[in-house]
Amino acid sequence: MFKMENVKTKQNGSIIAIITMMFLYAMIAFVTNLAAPIGVVWKNQPEIGNSNMLGMMGNFMNFFAYLFMGIPAGKLLTKIGYKKTALLGIAFGFFGVLIQFLSGMPSGMAGFVVYLLGAFISGLSVCLLNTVVNPMLNLLGGGGNRGNQLNLIGGTLNSLAGTLTPMFVGALIGTVTKNTSMVDVNPVLYIAMAVFAAAFIILSFIPIQDPEMGKTNENTVFEHSPWAFRHFKLGVIAIFVYVGVETGIPGTLNFYISDTTASGAWTTAVANAAAIGGFVAGTYWLLMLVGRFVAGFIADKISSRALMMITTCAGMILIIAAIFIPKTVTTTMPLFTGTSFAMTTIPLSALLLVLCGLCTSIMWASIFNLATEGLGKYTAQASGIFMMMVVGGGVLPLIQNFIADHAGYMLSYFVPLIAMAYMFVYATFFSKNVNKDIPV
């Protein structure tokens, strides 16, 4: 009887832990996806000069933080545990959003610098939360396909938050002009701060038991490190380029649709371009939600390697088509235009890039699953290294938007195309653990 009650208590604890990790997954996307729509506001300020690259700097600072927090986050995970690391991440998130809110008070470049500081601190937050969420769900699922399945289900909530954030900001702003400022997005920041405050209070009362697998103490000495595994080393590169693809496709697309100059998506004048851009980008994240939701039911039957091979191939085809189809070739999508939902004409290339959301939806969980498979006690350390390489989500979009400034938006999509090609090669040839002789 005692054993049965023990098992039931353990199962209930696991369910609570899984639900909590799912919620944190959503918060990660909420904070991260503020960068692109707010970047549209900043790029239209006279001091920024309509530069796409500077408009993407908030996104860069958000992901740049991973380079500094990735390794420490992994160490915190093993030293203070999952719950305290998550609470620390939530606290960073609150203050990061608070500083972004305060950036609306100074004018000009001073406010922009304050905003970038807030974006950096928010990046420290999502790095800590990511470090907790991914290995926790993977280990709670027992690794393998089941661990990947839990990460994909969590990714569904992540995508839901990612869908609503640019849509909400875009609908709030409508058309961005030089007179639009951070004050116009304050309602979103109020919500973000309230969510972080509530999450901190709720999580404080939820008991979460750290999984034994990969748990260490400060006196533990390992004979090896995750770097001893070839599939992990190449998987680190795959994560670096993947996050750049996931962020760069919708972020640059938001800029493209919101741009009412000759370089943008429009051949004729259009009202509420920022609202349309936000909803087009939001639809990309919505399709990521759909992809992760569907994959959550099949991931225990189809290997991560097969999923990666299929989706990277499809993604490359969509991007190539988008690059070479002229913007005069149009289609329609149901979008919020600033006042109501309507079938809205957009370039066909934009729709093709939106469809890439279905492809990228499974990649994070699949790469993480492939690269950490068989690492055992090195999993927590590997997670910290992975988080450091998420800086790719800042680097690749910055490069992409530098190209967009000088060669055009569509040519800039060669950056995610090359990254997709690498991920295909990794999944096909280099994702298997060939170092099984190393004790884990």
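Everything quoted here is computed from the prediction, not taken from an experiment.

1. Looking at the overall build of the chain
- Looking only at helices and strands, the chain features 15 helices and 2 strands.
- The buried share of the chain, reckoned over its 440 residues, is 59%.
- Sequence separation of at least 24 residues holds for 83% of the intrachain contacts in the chain that already meet a minimum separation of 6.
- Within the structure as shown, the chain displays about 17200 Å² of accessible surface, and the carbon and sulfur contribution to it stands at 70%.

2. Section: the side chain of Glu246
- Structurally, the position occupied by Glu246 is in helix H8 (residues 230–258).
- Glu246 gets classed as buried once you look at its relative accessible area, which sits at 12%.
- Reaching out from Glu246, the side chain makes a polar contact with the side chain of Tyr242 at a distance of 2.7 Å.
- Setting aside residues no more than four positions away along its own chain, Glu246 makes contact with Tyr284, Trp285, Met288 and Arg292.

3. Let's talk about helix H9 (residues 273–298)
- Over its 26 residues, H9 extends 38 Å from the first C-alpha to the last, a length consistent with the 38 Å expected when each residue adds 1.5 Å.
- By the criterion of burial, H9 is predominantly enclosed, with 20 of the 26 residues buried.

4. What to know about the side chain of Thr428
- Positionally, Thr428 belongs in helix H15 (residues 414–430).
- When its relative accessible area of 15% is taken as the criterion, Thr428 is described as buried.
- In this structure the side chain of Thr428 is engaged in a polar contact, spanning 2.7 Å, whose partner is the backbone oxygen of Phe424.
- Not counting residues up to four positions away in its chain, the partners in contact with Thr428 are Arg305 and Met309.

5. A few points about the packing of H8 against helix H14 (residues 392–407)
- Where H8 meets H14, the closest approach of the two axes is 7 Å, and the angle between their N-to-C directions is 45°. With respect to H14, the element H8 is oriented oblique. Where H8 crosses over H14, the handedness of that crossing is right-handed. Of the residues in H14, those touching H8 at Phe240, Val241, Val243, Gly244, Thr247, Gly248, Ile249, Thr252 and Phe255 are Gly392, Gly393, Val395, Leu396, Pro397, Gln400 and Asn401.
- Taken together, the residues of the contact of H8 with H14 break down into 8 nonpolar, 8 polar and no charged.

6. Focus on the environment of Leu160
- Locating Leu160 in the fold gives a position in helix H6 (residues 144–173).
- By relative accessible area, Leu160 is classed as partly exposed at 38%.
- For the pair Leu160 and Leu287, spaced 127 residues apart in sequence, the C-alpha separation works out to 9.3 Å.

7. Points about the environment of Leu203
- Here Leu203 shows up in helix H7 (residues 186–204).
- Using a relative accessible area of 3% as the deciding quantity, one classes Leu203 as buried.
- For Leu203 and Lys84, which are 119 residues apart along the polypeptide, the C-alpha to C-alpha distance reads 9.5 Å.

8. Quick notes on the packing of aromatic side chains
- Scanning the model with the defined rule gives 18 aromatic pairs in all.
- Taking 5.8 Å as the distance between ring centres and 75° as the angle between the ring planes, the aromatic pair formed by Phe68 and Phe120 counts as edge-to-face. With Phe68 in helix H4 (residues 57–102) and Phe120 in helix H5 (residues 108–140), the pair connects residues that are 52 residues apart, well separated along the chain.
- Residue class for Phe68 comes out partly exposed when judged on its relative accessible area of 49%.
- Residue Phe120 is classed as buried on the basis of its relative accessible area, which comes to 19%.
- Aromatic side chains Phe293 and Phe297 sit 5.1 Å apart centroid to centroid with 75° between the ring planes, which places their arrangement in the edge-to-face category. Of this pair, Phe293 and Phe297 both sit in helix H9, 4 residues apart, roughly one helical turn.
- On the accessibility criterion, Phe293 (47% relative accessible area) is partly exposed.
- Residue Phe297 is classed as exposed on the basis of its relative accessible area, which comes to 53%.

9. Looking at the packing of H8 against helix H12 (residues 363–372)
- In contact at an axis separation of 9 Å, H8 and H12 are set at 165° when each is read in the N-to-C sense. The angle between H8 and H12 falls in the class roughly antiparallel. By crossing handedness, the relation of H8 to H12 is classed as left-handed. Residues His231, Phe232, Gly235, Ala238, Ile239, Tyr242 and Val243 of H8 lie in contact with H12, whose contacting residues are Met363, Trp364, Ile367, Leu370 and Ala371.
- Of the residues belonging to the contact of H8 with H12, the class tally is 10 nonpolar, 2 polar and no charged.

10. Focus: the environment of Val185
- Structurally, Val185 is set in the loop between H6 and H7.
- C-alpha of Val185 to C-alpha of Phe168: the two residues are 17 residues apart in sequence and 9.4 Å apart in space.

11. Some details on the confidence of the model for the chain
- When the pLDDT values of the chain are averaged, the result is 82; 85% of them are 70 or greater.
- Scored below 50 in pLDDT, residues 1–13 shows 0 contacts in the model against residues more than four places distant or in partner chains.

Each value, and the rule that gives it
Residues numbered from 1 in each chain as written. Predicted model: local features only at pLDDT ≥ 70, side-chain atom pairs only at ≥ 80, totals over all residues. Heavy atoms only, no water. Helix = DSSP H or I, 4+ residues; strand = E, 2+ residues; numbered from the N terminus. Buried < 20%, exposed > 50% of the residue type's maximum accessible area, 1.4 Å probe, protein only. Contact = heavy atoms within 4.5 Å. Areas by Shrake-Rupley, 256 points an atom, 1.4 Å probe, with all protein chains shown as cover. Polar contact = N/O pair within 3.5 Å; in protein donor to acceptor, adjacent residues only side chain to side chain. Expected span 1.5 Å × (residues − 1). Axes fitted to C-alpha atoms, helices over the stretch in contact; angles between N-to-C directions. Parallel < 35°, antiparallel > 145°, perpendicular 65-115°, else oblique. Left-handed = near helix turned anticlockwise from the far one by under 90°. Nonpolar A, V, L, I, M, F, W, Y, C, P; charged D, E, K, R; others polar. Phe/Tyr/Trp six-rings, centres within 6.5 Å; stacked < 30°, edge-to-face > 60°. pLDDT = per-residue confidence, 0-100.

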